Each structure stands twice: as structure tokens, then as C-alpha cells.
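Structural overview for review
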Amino acid sequence: GESVGLHLPTLSVQEGDNSIINCAYSNSASDYFIWYKQESGKGPQFIIDIRSNMDKRQGQRVTVLLNKTVKHLSLQIAATQPGDSAVYFCAETLNQAGTALIFGKGTTLSVSS
Amino acid sequence: GAVVSQHPSRVICKSGTSVKIECRSLDFQATTMFWYRQFPKQSLMLMATSNEGSKATYEQGVEKDKFLINHASLTLSTLTVTSAHPEDSSFYICSAGGGQGTDTQYFGPGTRLTVL
């Protein structure tokens with residue numbers, strides 16, 4: 001079974017709002033985490049990653065937070081835009097070459113203008 | 001970022017036929033490639049890990065004789081769905097990693113397989 005799960009299957013926000021997508025993981029040995037965005041009919045697109053020696057990492061309009069104590073990962077999207085509408089997956093893995101990703105169930109983000 | 005391509009992007013076949021899907025890393029060499037399957041409204045499920053020059057490692061419940069994987073070069077892995085049946089209809093996605101000195105995996109655009 002999947003060791004990574006998401007708390008909410010859908011999230012609806014207004015354009016300009018900040019979005020927070022959550023993820024819980026169960027494998028305490030995982031040390032590399034990634035957020036992917038998947039649009040309908042397309043492959044996952046890398047958004048941002050974080051390694052276990054960090055608790056926060058920022059990108060352009062996105063921030064990933066990692067709480068290893070409670071095994072929780074979140075993705076924050078600032079000033080959400082209609083183009084952000086997609087399914088978001090978190091994934092975990094061991095930071096070793098050749099190790100596969102384990103994906104969470106996904107959260108569908110809908111942005112209305 | 002690195003580019004991974006898949007071909008074909010969409011295929012429709014009759015039940016009982018075999019279908020080959022190609023996954024290529026276009027601008028880096030990938031020692032390892034991964035094959036995932038995604039059913040509608042569901043997450044990606046790992047099918048197998050493909051290592052260049054060696055046999056693929058299959059996940060539990062994935063039939064190796066039905067889903068043949070060949071990783072003949074550092075830029076190409078193929079997945080052949082043999083004797084396809086309607087329940088094999090799915091979105092097949094590959095990923096490649098190990099390029100650019102990082103462990104980041106880059107995903108292909110996916111192949112939509114429909115078995116009639």
C-alpha cells in the first residue's frame with residue numbers, strides 16, 4: 001500500500017488566495033520529498049523538493065514545509081492563479097540513486113477567478 | 001530541467017495484441033528508469049524499476065511476463081504490454097533519474113493506452 005497520504009482530496013480557492021496542500025508520510029526513513037503538479041492527461045511536473053536536513057524551502061510562489069516530528073509535508077502556493085489548477089502529489093523516497101518514488105493520493109486544486 | 005519523452009502519447013489496440021511504449025531521456029543519461037501506471041482519479045503506482053543492462057525489478061502484483069521491460073541503453077527504456085486486455089487500459093508514465101548529478105526524477109508526458 002501507499003505510505004504517503006493526503007488529508008484532503010480537493011481544495012477550492014479564489015484567485016489571489018494562498019493555497020496550502022498537506023501531506024502525511026509514514027516512512028520515517030524517507031529523506032527526500034518532492035511535490036509534483038499534474039495537469040489532466042499529462043505527466044507529473046516537478047514543483048519543489050526538500051531534503052530531510054531542512055524544514056523549509058522556498059521557490060517562486062511556492063514554499064514546502066517539512067515537519068519530521070509528525071511526518072508532515074505541506075505545499076504553500078502564494079497568490080494562486082487559475083493556471084495552478086491541477087492535481088498535486090507529494091512523493092517520498094530515500095535519497096539514494098535508483099530509488100523509486102512513493103506517491104500520495106493527490107489533492108485536486110481548483111482556482112476560480 | 002531534464003527532458004523525458006514517451007512514444008506514443010496515445011494508443012488504442014484490440015484485446016490480445018501487444019503494445020510497446022518507449023521512454024527516452026533526451027539530454028541526459030539515465031542509469032535507472034521507472035515505470036508507473038495511473039488509473040483515472042488515482043495516484044501513480046510504481047510498476048517496475050528498470051536498470052540499464054540488467055533485468056527490471058517488478059513491484060509485487062505486477063506480472064513480469066505481461067509487462068516486459070527492456071533498458072538497452074542509458075537513454076531508452078521500453079515497456080511492452082503483452083496480450084493486452086481492457087483492464088490494462090491506463091495511463092503509463094515513465095521517469096528517469098540520475099541526470100545532472102542529482103537524484104531528481106523527471107517524468108515523461110505519459111502514454112494513454114486503451115484496449116478495446
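Let me sum up the structure you'll find in this document. Worth saying up front: this structure is predicted, and the values here are computed from it rather than measured. (Residues numbered from 1 in each chain as written. Chains lettered and ligands numbered in written order. Predicted model: local features only at pLDDT ≥ 70, side-chain atom pairs only at ≥ 80, totals over all residues. Heavy atoms only, no water.)

Right, let's get into the overall build of chain A. Looking only at helices and strands, one finds zero helices and eleven strands in chain A. Along chain A, helices (α) and strands (β) appear in the sequence β-β-β-β-β-β-β-β-β-β-β when read from the amino end. Its C-alpha atoms give chain A principal-axis dimensions of about 40 × 30 × 25 Å. Counting all 113 residues of chain A, 42% fall into the buried class. Once local pairs closer than 6 in sequence are excluded, the contacts in chain A between residues at least 24 apart make up 55%. Entry remark: accessible area of chain A is about 5500 Å², with carbon and sulfur atoms responsible for 47%. (Helix = DSSP H or I, 4+ residues; strand = E, 2+ residues; numbered from the N terminus. Buried < 20%, exposed > 50% of the residue type's maximum accessible area, 1.4 Å probe, protein only. Contact = heavy atoms within 4.5 Å. Areas by Shrake-Rupley, 256 points an atom, 1.4 Å probe, with all protein chains shown as cover.)

Another point: the overall build of chain B. Within chain B, the secondary structure is distributed over zero helices and eleven strands. Along chain B, from the amino end to the carboxyl end, the secondary structure elements read β-β-β-β-β-β-β-β-β-β-β. Computed over its C-alpha atoms, the radius of gyration of chain B comes to 13 Å, within 12% of the 13 Å expected for a compact globule of 116 residues. With respect to the three principal axes, the spread of C-alpha positions in chain B is 40 × 25 × 20 Å. (Rg over C-alpha atoms; globule rule 2.2 N^0.38 Å.)

It is worth spelling out the packing of aromatic side chains at this point. Inspection of every chain in the model, using the stated rule, returns ten aromatic pairs over all chains. When the centroid spacing of 6.4 Å and the interplanar angle of 40° are considered together, the rings of B:Phe67 and B:Tyr92 count as tilted. With a gap of 25 residues between them, B:Phe67 in strand 7 (residues 67-73) and B:Tyr92 in strand 9 (residues 90-97) connect regions that are remote in the sequence. The two residues B:Phe67 and B:Tyr92 agree in class, both being buried. What links up through ring pairs into an aromatic cluster is the set A:Tyr36, A:Phe46, A:Phe89, A:Phe103, B:Tyr36 and B:Phe107. (Phe/Tyr/Trp six-rings, centres within 6.5 Å; stacked < 30°, edge-to-face > 60°.)

Another point: the side chain of B:Ser25. All names here are of chain B. One can find Ser25 in strand 3 (residues 19-25). Judged by relative accessible area, which is 4%, Ser25 ranks as buried. Within polar-contact distance, the side chain of Ser25 engages the backbone oxygen of Phe28 at 2.7 Å. Polar side-chain contacts of Ser25 include one of 3.5 Å to the backbone oxygen of Leu74. (Polar contact = N/O pair within 3.5 Å; in protein donor to acceptor, adjacent residues only side chain to side chain.)

Turning to the pairing of strand 4 (residues 32-38) of chain A, a few remarks are in order. All names here are of chain A. Burial of strand 4 is extensive: seven of the seven residues sit out of reach of the surface. What you see with strand 4 is no split at all: Tyr32, Ile34, Tyr36 and Gln38 on one side and Phe33, Trp35 and Lys37 on the other are buried throughout. When strand 4 meets strand 5 (residues 45-51), the two strands line up antiparallel, connected through six bridges. Directly across from Tyr36, in strand 5, lies its bridge partner Phe46. Count of turn residues in the strand 4/strand 5 antiparallel hairpin: six residues, of which Gly41 carries a positive phi of about 75°. Where strand 4 and strand 9 (residues 86-93) come together, seven bridges link them in antiparallel fashion. Across the sheet, Phe33 pairs through a bridge with Glu92, a residue of strand 9. (Pairing = 2+ DSSP bridges.)

So, about the pattern of salt bridges. Residues and elements named next belong to chain A. Taken as a whole, this structure holds six salt bridges over all chains when the rule is applied. Of the charged contacts, one joins Arg61 and Asp84 as a salt bridge, the two residues approaching to 2.9 Å between their closest N and O atoms. With Arg61 in the loop between strand 6 (56-58) and strand 7 (62-67) and Asp84 in the loop between strand 8 (72-77) and strand 9, this residue pair connects regions lying 23 residues apart in the sequence. Residue classification places Arg61 among the partly exposed positions, given a relative accessible area of 31%. (Salt bridge = Lys/Arg side-chain N within 4 Å of Asp/Glu carboxyl O.)

Residues and elements named next belong to chain A. The full count for this structure, using the stated rule, is two disulfides over all chains. Disulfide pairing is shown between Cys23 and Cys90; the S-S distance is 1.9 Å. Where Cys23 bonds to Cys90 through sulfur, the torsion about that S-S bond is close to 50°, and the disulfide is right-handed. Taken together, the residues span a long stretch of sequence, with Cys23 in strand 3 (residues 19-25) and Cys90 in strand 9 at a distance of 67 residues. Overall, Cys23 belongs to the buried group, its relative accessible area being 1%. (Disulfide = S-S within 2.5 Å.)

Purely geometric stuff here, so don't read any function into it on its own.
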